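# Understanding the architecture of this molecule
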Amino acid sequence: MRPPECAVCGDEFTAPDGRLVTFVERDSDRQWRERVAAERMVGHPPNTEWFCRVHAPAAIELAGETIDVAMRALTATQSAVRQLAIAPRAIDELLHLFRERMPALVGEPAASASRARTTSDRRWTPTDGAQPPYCPYVDLDVTTLTGRLGSVEVRWERAMWNDAEAARRTATLIVEPTLGERCSASATVGDGFEGSAGDATSVLLVLGTPGAALQALLDELAV
Ligand SMILES: [Zn+2]
């Protein structure tokens with residue numbers, strides 16, 4: 001088992017240092033819980049998250065809110081996260097675009113895309129009642145490329161009920177310039193996520209200050 005990761009800063013920590021915080025249920029969270037109970041599975045509820053020692057106190061204070069409201073407040077104090085309205089796009093299409101632009105974002109010609117490397121990982125969420133391969137899981141593909149101007153990473157995360165049904169899919173683009181600030185742009189489709197409608201999303205969450213190349217991509221996506 002991997003150590004838990006803080007939902008705010010992404011730091012991994014060992015168990016006694018962090019806290020698992022459960023927020024007020026939204027309708028989609030209640031449906032999830034009822035479904036898991038009916039199917040005798042125990043997964044990681046969508047309104048529950050891990051927080052590191054630094055972020056746990058603020059998270060606990062916000063436990064009376066729903067998780068989307070709480071996460072917005074927590075990430076806003078962590079660093080300036082802004083919501084960017086984009087023309088609705090299928091999440092697969094957005095992922096493809098992120099991958100296609102990786103070379104340009106680190107100052108390399110398009111052909112250098114062949115140097116990008118991808119690792120894939122599946123994390124099962126086993127329970128008392130359900131063991132792999134009959135329990136929900138999270139698949140994560142991480143594609144990385146380093147170039148003249150820094151490094152870029154595209155993360156493709158799918159939280160799956162089973163092989164046919166996704167609970168949540170997130171595409172994230174992270175640019176780490178050699179000179180400049182790390183910046184990420186991500187979009188999620190799934191029940192209860194803002195801007196999500198079926199397979200399409202109309203909201204990007206942007207964390208950090210984009211450099212010129214990333215800003216150009218964001219401008220292209222913006223409504
Ligand atoms: Zn943290």
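Residues numbered from 1 in each chain as written. Predicted model: local features only at pLDDT ≥ 70, side-chain atom pairs only at ≥ 80, totals over all residues.

### Concerning the overall build of the chain
Helices and strands together make up the secondary structure of the chain, namely six helices and 10 strands. Computed over C-alpha atoms, the radius of gyration of the chain comes to 18 Å, within 12% of the 17 Å expected from 2.2 N^0.38 for 223 residues, which places it in the range of a compact globule. Principal axes of the C-alpha set define a box for the chain whose edges measure 50 × 35 × 35 Å. Counting only residues that meet the buried cut, the chain has 26% of its 223 residues in that class. (Helix = DSSP H or I, 4+ residues; strand = E, 2+ residues; numbered from the N terminus. Rg over C-alpha atoms; globule rule 2.2 N^0.38 Å. Buried ≥ 20, exposed ≤ 12 C-beta atoms within 10 Å, placed from the backbone.)

### Looking at the confidence of the model for the chain
Averaged over all residues, the pLDDT of the chain is 87; the fraction at 70 or higher stands at 95%. Ranking the elements of the chain by mean pLDDT puts helix α3 (residues 67-78) last, at 82, and helix α4 (residues 91-100) first, at 97. (pLDDT = per-residue confidence, 0-100.)

### Observations concerning the pairing of strand β7 (residues 165-177)
In this structure, strand β6 (residues 150-162) lies alongside β7, joined through 12 bridges in antiparallel fashion. Bridge pairing in β7 places V154 opposite L173. With antiparallel pairing between neighbouring strands as the criterion, β6 and β7 make up a hairpin whose turn holds two residues. Where β7 lies against strand β8 (residues 183-190), eight bridges are found, and the strand directions are antiparallel. Opposite I174, over in β8, you have S184 as the bridge partner. The turn linking β7 back onto β8 is made up of five residues, and G180 within it adopts a positive phi angle of 130 degrees. (Pairing = 2+ DSSP bridges.)

### Things to note about the domain arrangement of the chain
A common way to express how large an interface is: the accessible area buried when the components associate. Its domain assignment divides the chain into domain 1 (15-78) and domain 2 (81-221). A separation of 22 Å is found between the C-alpha centroids of domain 1 and domain 2. With 10 residues of domain 1 at the interface, the matching set in domain 2 holds 11 residues. Among the elements that make up the side of domain 1 that touches domain 2, the one with the highest residue count is α3 (three residues). Among the residues forming the side of domain 1 that touches domain 2, the class breakdown is three nonpolar, four polar and three charged. (Domains from an automatic or database assignment. Contact = placed C-beta atoms within 7 Å. Nonpolar A, V, L, I, M, F, W, Y, C, P; charged D, E, K, R; others polar.)

### So, the environment of T143
As for its position among the elements, T143 is in strand β5 (residues 137-147). With residues near it in sequence (within four places) discarded, T143 still touches R99, A116, R117, T118, E153 and V154.

### Observations regarding the nonpolar core
Counting residues in each nonpolar core, the largest one holds 23 residues, and the members touching the most others are V152, A171 and V175. Among the elements of the structure, α4, α5 (102-105), β6, β7, β8 and β10 (200-207) are those that each provide at least two residues to this core. In this view, A171 contacts I91, L94, L95, F98, W156, S186 and A187; residues no more than four positions away in its chain are not counted. Core analysis: the next-biggest nonpolar cluster, separate from the first, contains 12 residues, C6, V21, F51 and C52 among them. (Core = buried A, V, L, I, M, F, W, Y, C linked by C-beta atoms within 7 Å.)

### Focus: the environment of P103
Here P103 is to be found in helix α5. The exposure class assigned to P103 is buried, which follows from the 20 C-beta atoms found within 10 Å. Separated by 11 residues in the primary sequence, P103 and S114 have C-alpha atoms spaced 9.5 Å apart. Every residue in contact with P103, bar those within four places of it in the chain, is listed here: E108, P109, A110, S112, A113, L145 and G147.

### Concerning the environment of T14
If you trace the backbone, T14 turns up in the segment before β1 (19-22). For T14, a count of 8 C-beta atoms within 10 Å corresponds to the exposed category. When the C-alpha positions of T14 and A197 are compared, they lie 36 Å apart, and in sequence the two are 183 residues distant.

### Digging into helix α1 (residues 27-38)
In an α-helix there are 3.6 residues to a turn, and that puts residues three or four apart on one side. Its 12 residues give α1 an end-to-end C-alpha distance of 16 Å, which sits within 8% of 16 Å, the value for a rise of 1.5 Å per residue. Looking at the residues trailing α1, positive phi occurs at R40, about 55 degrees. (Expected span 1.5 Å × (residues − 1).)

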